[in-house]
Amino acid sequence: MSEPKAAPELSETQPTSTRTGPGRLLVAIYGLFALAASSRAAVQIATKFHHAPVAYVLSAFAGVVYIIATVTLTAGSRTARRICVVSCSIEFIGVVAVGTWSVLDPASFPDATVWSDYGIGYGFVPLVLPVFGLLWLRYWAKRDKTDTSAA
Amino acid sequence: MNGVLPTTIIVAGLALAGYAVVETARNRRMGATLLGALGVLEILLLVLVGMIVARLVGGHRPADLAVLIGYLIGIPLIPLAAAFWGALERSRWGPAVAAVAGVVAAVLMVRLHQIWPVIHV
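Residues numbered from 1 in each chain as written. Chains lettered and ligands numbered in written order. Predicted model: local features only at pLDDT ≥ 70, side-chain atom pairs only at ≥ 80, totals over all residues.

Asker: Would you explain the overall build of chain A in this entry?
Answerer: Along chain A, the regular secondary structure elements total 5 helices and 0 strands. The proportion of buried residues among the 151 residues of chain A is 36%. Of the contacts formed within chain A by residues at least 6 apart in sequence, a portion of 58% connects residues at least 24 apart. (Helix = DSSP H or I, 4+ residues; strand = E, 2+ residues; numbered from the N terminus. Buried ≥ 20, exposed ≤ 12 C-beta atoms within 10 Å, placed from the backbone. Contact = placed C-beta atoms within 7 Å.)

What follows is the structure, encoded as structure tokens:
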């Protein structure tokens, strides 16, 4: 590999940005869900919107949330991290709200969304992803506090 | 279409994911073995996409053609994206990205079967 070799213990204990270390995995999964949810919603809205309008609009909304998380985690600036905290919070509330709604009122969801039944169709990854996202952002917020000289 | 290739991809994807998780647990970076495995997975997926395209060219159609075409475009990107993104990482989290690609490849075989049942698993 042509990459210069960083000290492994350094990159292990101190990721250099929100997109490295554990963030590498988070960005990969958020990117995957951004692609999956938004392209799925695009096809559904374009070809059969009236079949399940609620589900498709919610899919599109989820797609936008995932795109915001992917972009802001990749950018990693202080502003980007603030936006990401808001979007991950909305994402978590969204999974819980849509999950509960789809369980109580399945008639509104003739076709599933990413967040239906708390993301069961995606191995519940949509439910745990915002939790790990927020934990990762909290780690960075703490680093900001202890490392104010870099600000 | 028989189910040999999709089944092979499921086994290969899950084996790759298992190995990648072990590498993550051992605190290893992305190595040549894992990159090679992602290359093999990429070739298997491209062959599968080719077989499905051949069937489409032969005049057969699934119920939801737009969705299938989306999958045919997206599927070959999975190991490529994981190899690039994972190789950029110089920590244990590189193999973790590869593990996701392996699991996703396996899951997509099941999805393909749901979209077009002639694609057996």
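Picking up after the structure, the text goes on.
Asker: For this particular structure, what's the right way to read the overall build of chain B?
Answerer: Tallying secondary structure elements over chain B gives 5 helices and 0 strands in all. Of the regular secondary structure in chain B, the N- to C-terminal order runs α-α-α-α-α. Against the globule reference of 14 Å for 121 residues, chain B gives a C-alpha radius of gyration of 15 Å, in line with a compact fold. Looking at the 121 residues of chain B, the share that counts as buried comes to 40%. Taking all contacts inside chain B whose residues are at least 6 apart in sequence as the whole, residues at least 24 apart take part in 78%. (Rg over C-alpha atoms; globule rule 2.2 N^0.38 Å.)

Asker: Hey, could you run me through the packing of helix 2 (residues 22–48) of chain A against helix 5 (residues 125–146) of chain A in this one?
Answerer: The relative placement of two packed helices comes down to the angle between their axes together with the axis-to-axis distance. Residue and element names in this part refer to chain A. Where helix 2 meets helix 5, the closest approach of the two axes is 11 Å, and the angle between their N-to-C directions is 140°. Remark: the crossing between helix 2 and helix 5 carries left-handed chirality. Facing P22, G23, L26 and I29 of helix 2, the residues of helix 5 in contact are V125, L129, F132, G133 and W136. (Axes fitted to C-alpha atoms, helices over the stretch in contact; angles between N-to-C directions. Left-handed = near helix turned anticlockwise from the far one by under 90°.)

Asker: Explanation requested: the interface of chain B and chain A in the structure shown.
Answerer: Many analyses report the size of an interface as the accessible area lost when the parts associate. Taken together, the contact pairs 16 residues of chain B with 18 residues of chain A. In terms of residues, the side of chain B that touches chain A owes the most to one element, helix 5 (residues 93–115) of chain B, which gives 6 residues. Looking at the side of chain B that touches chain A, its residues break down into 9 nonpolar, 5 polar and 2 charged. (Nonpolar A, V, L, I, M, F, W, Y, C, P; charged D, E, K, R; others polar.)

Asker: Please explain the environment of A:S77 as it appears in this structure.
Answerer: Residue and element names in this part refer to chain A. Within the secondary structure, S77 is located in the loop between helix 3 (53–75) and helix 4 (78–104). The exposure class of S77 is exposed, given the 11 C-beta atoms found within 10 Å. With 44 residues separating them in the primary sequence, S77 and F33 have C-alpha atoms 22 Å apart.

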